[in-house]
Amino acid sequence: MKLNRTTLRGVEILKLVSKRPDGITLDEICDSLNMPKTSAYDIVTTLAETGMIHVVKGQKLLYTIGLTAYRIGVSYTNHLDVLGTIEPVLRSFSKEIGKTVFYGVLTGHEVVYLCKFEPENPIITTATVGSKNPVYCTSLGKAILAYTDEETRKRVIDRIHFRKKTSRTIMTAEYLSEELEKVKEKGYALDARELEEHMECVGAPVYNQEGQVLGAISASSLYKPTEDYEALGAVVKKQADEISSLLGYMEKRNGISEAG
């Protein structure tokens with residue numbers, strides 16, 4: 001059987017991009033796969049148009065796994081339909097706490113929203129399924145980044161272009177690193193009106209069977225000075241832990257992470 005060379009190269013590019021959640025340049029793709037730049041560009045452009053990869057614009061274009069590729073791949077992770085497992089749980093969770101809840105994953109230095117569920121009387125949120133927001137001013141992004149391996153976390157932070165969204169937005173890598181340490185201590189992250197002035201969000205990480213961070217869930221609502229967001233953080237963390245258990249992850253016991 002004769003295999004199509006262009007298709008094979010497309011698969012090779014997708015595999016390479018999937019190993020670089022912080023993004024990879026066209027030059028790096030060409031060097032790694034020993035491909036002519038013109039050929040690689042044509043394939044990458046096609047993959048971007050179909051949503052298989054995502055283009056992150058900056059000083060240099062970076063490529064990360066796209067929403068289409070993630071939706072295809074995530075359904076078969078460890079023979080589990082991850083979104084199929086998460087969605088009914090989040091739907092019930094949204095009704096239980098009366099807040100809009102999300103599930104998102106890291107793509108480059110942004111978070112992409114894969115699930116969104118609202119209570120009966122929802123507030124208006126700008127985030128929709130498929131949209132993206134920066135990691136440094138979202139509870140989802142902080143929750144994921146805090147528990148990502150150190151090398152990936154450093155690469156992501158190094159490539160962030162901090163932009164002020166509100167007067168409370170984190171604006172430096174040093175401040176973000178300090179914030180991530182607090183997240184690790186608590187087990188959940190806060191977006192204390194850092195993305196939108198009127199919104200407060202709480203997020204916690206979700207793990208796969210191997211104990212790696214898949215993404216995070218969050219609960220969002222209009223800011224209320226009387227609300228205990230630390231208590232909400234504990235509730236969101238508990239729900240995230242339950243989802244992780246459904247996906248096969250068992251928390252560390254005696255310093256050993258177990259998987260079932």
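Right above here is the structure, for reference.
For clarity, every value in this text was computed on a predicted model and none was experimentally measured.

Moving on: the layout of surface pockets. Empty space within the largest pocket amounts to approximately 880 Å³. Ser-18, Pro-21, Tyr-70, Val-213 and Leu-214 are the residues nearest the centre of the largest pocket, which is lined by 34 residues in total. Broken down by secondary-structure element, the contributors of at least two residues to the lining of the largest pocket are α1 (5-18), β2 (62-65), α4 (67-74), β3 (100-107) and β8 (213-222). By residue number, the principal contributor to the lining of the largest pocket is α4, which donates six residues.

Once that is clear, we can look at the side chain of Thr-25. You can see Thr-25 is positioned in the loop between α1 and α2 (26-33). The residues touching Thr-25, leaving out its near neighbours within four places in the chain, are Lys-60, Leu-61, Leu-62 and Tyr-63.

This part takes up the environment of Ser-218. Mapping Ser-218 onto the fold places it in strand β8. Since its relative accessible area comes to 4%, Ser-218 is described here as buried. Excluding anything up to four places from it in sequence, Ser-218 contacts Thr-100, Val-101, Phe-102, Ser-139, Leu-140, Val-202 and Gly-203.

What counts as what
Residues numbered from 1 in each chain as written. Predicted model: local features only at pLDDT ≥ 70, side-chain atom pairs only at ≥ 80, totals over all residues. Heavy atoms only, no water. 1 Å grid on protein atoms, 1.4 Å probe; cavity = no way out; pocket = protein on both sides within 12 Å on 5 of 7 lines; lining within 4 Å. Points joined across faces, edges and corners; volume = space filled by probe spheres on them. Helix = DSSP H or I, 4+ residues; strand = E, 2+ residues; numbered from the N terminus. Contact = heavy atoms within 4.5 Å. Buried < 20%, exposed > 50% of the residue type's maximum accessible area, 1.4 Å probe, protein only.

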